[in-house]
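# Inside the fold
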Amino acid sequence: MKKFILIILALTTLAFDTQKVDAFDTGEYFKFRIHYGIVNAGYATLEVKDATVNNKKVYHSVGKGYTTGMSKFFFKVEDLYESYFDKETGKPYRYVRKIDEGGYTKNQEGFFNQNDNRVLVKDYKRKSEKTIIVTENVQDIVSAFYYLRNHPNIDKLKSGDAISIDMFFDEEITKFKLKYIGRQDITTKFGTVSTMVFKPSVQTGRVFKEKESLTLWITDDINKVPIRIKADLAVGSLKADLDEYKGLQSPLKAKK
């Protein structure tokens, strides 16, 4: 369960925009319902707010993941991910990660120096801090979502093409790679929606069956909203569907 909530926050980085108009703005809000078969396992949310960093107006995104109902008794999850990033360049200035996953906790904050390609990581649980060298234009796990929504190359992708970005997570750089599959109309609670389909690469092992065990559907419109995520696990499968939204730049296109 904890892996899937993290996946939702990470995989929403696959939303892109092909126009110069930003795909999002302050006030945008997504809520995803996570289910294991017919069981409602939990929810994940993402919201865009305004903030100020060093006297500069920035975006402040807040992502939350939590279990609910019976799932909460078997494995309680309460995760908080935040990112403060530039309104023009999309580069992150600061991230927050506070998690409680079945008793496993983490409380960290990171401060980016984009000019020197470094991140100062403060670990409040361990009462320590360290500076880590990173790659140029690196993103944190939440800012990457918004950064890529304005990516200009989505229309150039052909079936089988792949895109990758550098993401800073767990005090190291992760190469987040995804493969474009094609377009598909899917049935949602909002109606029939035209989508673009991607398969991100993941690590095989205890959680996932194979490297392409994840499938992501994003709306094929200016918003490029992640509307469905499915994960084939070592045992069973999990699925997340967009359950609620508000504050989109353009109305969601759906056929009733």
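Predicted, not measured: the structure shown is a model, and the values here were computed from it. (Residues numbered from 1 in each chain as written. Predicted model: local features only at pLDDT ≥ 70, side-chain atom pairs only at ≥ 80, totals over all residues. Heavy atoms only, no water.)

The pairing of strand S4 (residues 77–86) with strand S5 (residues 92–101) spans nine bridges and is antiparallel. When the sheet's bridge partners are listed, Leu-80 is paired in S5 with Lys-98. In terms of strand pairing, S5 meets strand S6 (residues 104–113) through eight bridges, oriented antiparallel. By the bridge assignment for S6, Lys-98 is matched with Asn-107. Between S5 and the antiparallel strand that follows it, S6, lie two residues; Gly-102 among them carries a positive phi value of about 60 degrees. (Pairing = 2+ DSSP bridges. Helix = DSSP H or I, 4+ residues; strand = E, 2+ residues; numbered from the N terminus.)

Right, let's talk about the nonpolar core for a bit. Membership of the largest hydrophobic core comes to 42 residues, with the highest contact counts inside it found for Phe-30, Tyr-146, Phe-198, Ile-227 and Leu-242. The contacts of Leu-242, once residues within four sequence positions are left out, are Phe-30, Lys-31, Phe-32, Lys-189, Phe-190, Val-225, Pro-226 and Ile-227. Within the second largest apolar cluster, eight residues are counted, among which are Tyr-95, Val-119, Val-121 and Val-138. (Core = buried A, V, L, I, M, F, W, Y, C linked by side-chain atoms within 4.5 Å. Buried < 20%, exposed > 50% of the residue type's maximum accessible area, 1.4 Å probe, protein only. Contact = heavy atoms within 4.5 Å.)

Glancing now at the pattern of salt bridges. The tally for this structure, following the rule as stated, stands at 13 salt bridges. The partner of Lys-76 in a salt bridge is Glu-78, and the shortest N-O contact between them spans 3.7 Å. We classify Glu-78 as partly exposed; its relative accessible area is 42%. Through salt bridges with shared partners, a single network forms among Arg-97, Lys-106 and Asp-170. (Salt bridge = Lys/Arg side-chain N within 4 Å of Asp/Glu carboxyl O.)

Mapped onto the fold, Asp-86 is located in strand S4. Residue classification places Asp-86 among the buried residues on the basis of a relative accessible area of 5%. At a separation of 2.4 Å, a polar atom in the side chain of Asp-86 contacts the side chain of Tyr-93. Discounting chain neighbours no more than four positions away, the residues touching Asp-86 are Lys-56, Lys-91 and Tyr-93. (Polar contact = N/O pair within 3.5 Å; in protein donor to acceptor, adjacent residues only side chain to side chain.)

We now examine the confidence of the model for the protein. Detailed reading of the predicted coordinates is not advisable wherever pLDDT is low. Summing up the model confidence of the protein, the mean pLDDT is 85 and the portion of residues at 70 or higher is 85%. Low pLDDT, under 50, characterises residues 13–19; the stretch is placed with 40 contacts to residues that sit more than four places away or in other chains. In this model, residues 204–210 is a region of pLDDT below 50 whose contacts with residues beyond four sequence positions or in other chains number 21 contacts. (pLDDT = per-residue confidence, 0-100.)

Here Gln-139 shows up in strand S9 (residues 139–140). Taking relative accessible area as the criterion, Gln-139 reaches 2% and is therefore assigned buried. Here the side chain of Gln-139 touches Ser-143 through a polar contact of 2.7 Å, side chain to side chain. Apart from residues lying up to four places away in sequence, Gln-139 is in contact with Gly-90, Lys-91, Pro-92, Ala-144, Tyr-147, Asp-166, Met-167 and Phe-168.

On to unusual backbone geometry. Of note, the phi angle at Lys-127 is positive, near 55 degrees, even though the residue is not glycine. Along the polypeptide, Lys-127 turns up in the loop between strand S7 (118–123) and strand S8 (128–133). In the Ramachandran plot, Asn-137 falls in the positive-phi region, its phi being about 60 degrees despite a non-glycine side chain. One can find Asn-137 in the loop between S8 and S9.

Here the focus is the environment of Phe-85. Turning to its location among the elements, Phe-85 is positioned in strand S4. Residue class for Phe-85 comes out buried when judged on its relative accessible area of 1%. Filtering out sequence-adjacent residues up to four positions away, Phe-85 remains in contact with Phe-24, Val-58, Tyr-59, Ser-61, Gly-90, Lys-91, Pro-92, Tyr-93, Ser-143 and Tyr-146.

Moving on to a nonpolar patch on the surface. On the surface, Tyr-36, Ile-38 and Val-39 cluster together to form a nonpolar patch covering roughly 330 Å² of accessible area. Overall, the relative accessible area of 42% leaves Val-39 in the partly exposed class. (Patch = residues over 30% accessible without salt bridge, like charges linked within 9 Å, V, L, I, M, F, W, Y side chains within 5 Å. Areas by Shrake-Rupley, 256 points an atom, 1.4 Å probe, with all protein chains shown as cover.)

With that out of the way, let us pick up the pairing of strand S12 (residues 191–200). Working note: regular strand, side chains alternate between the two faces of the sheet. With seven of ten residues buried, S12 is to be regarded as a mostly interior element. Pairing analysis gives ten bridges linking strand S11 (residues 172–188) to S12, with the strands arranged antiparallel. Residue pairing for S12: Asp-185 is matched across the bridge by Ser-194. Following S11, the chain reverses through two residues before pairing antiparallel with S12. As judged from the four bridges shared by S12 and strand S13 (residues 214–219), these two strands associate in the antiparallel manner. Along S13, the bridge assignment pairs Thr-195 with Thr-219.

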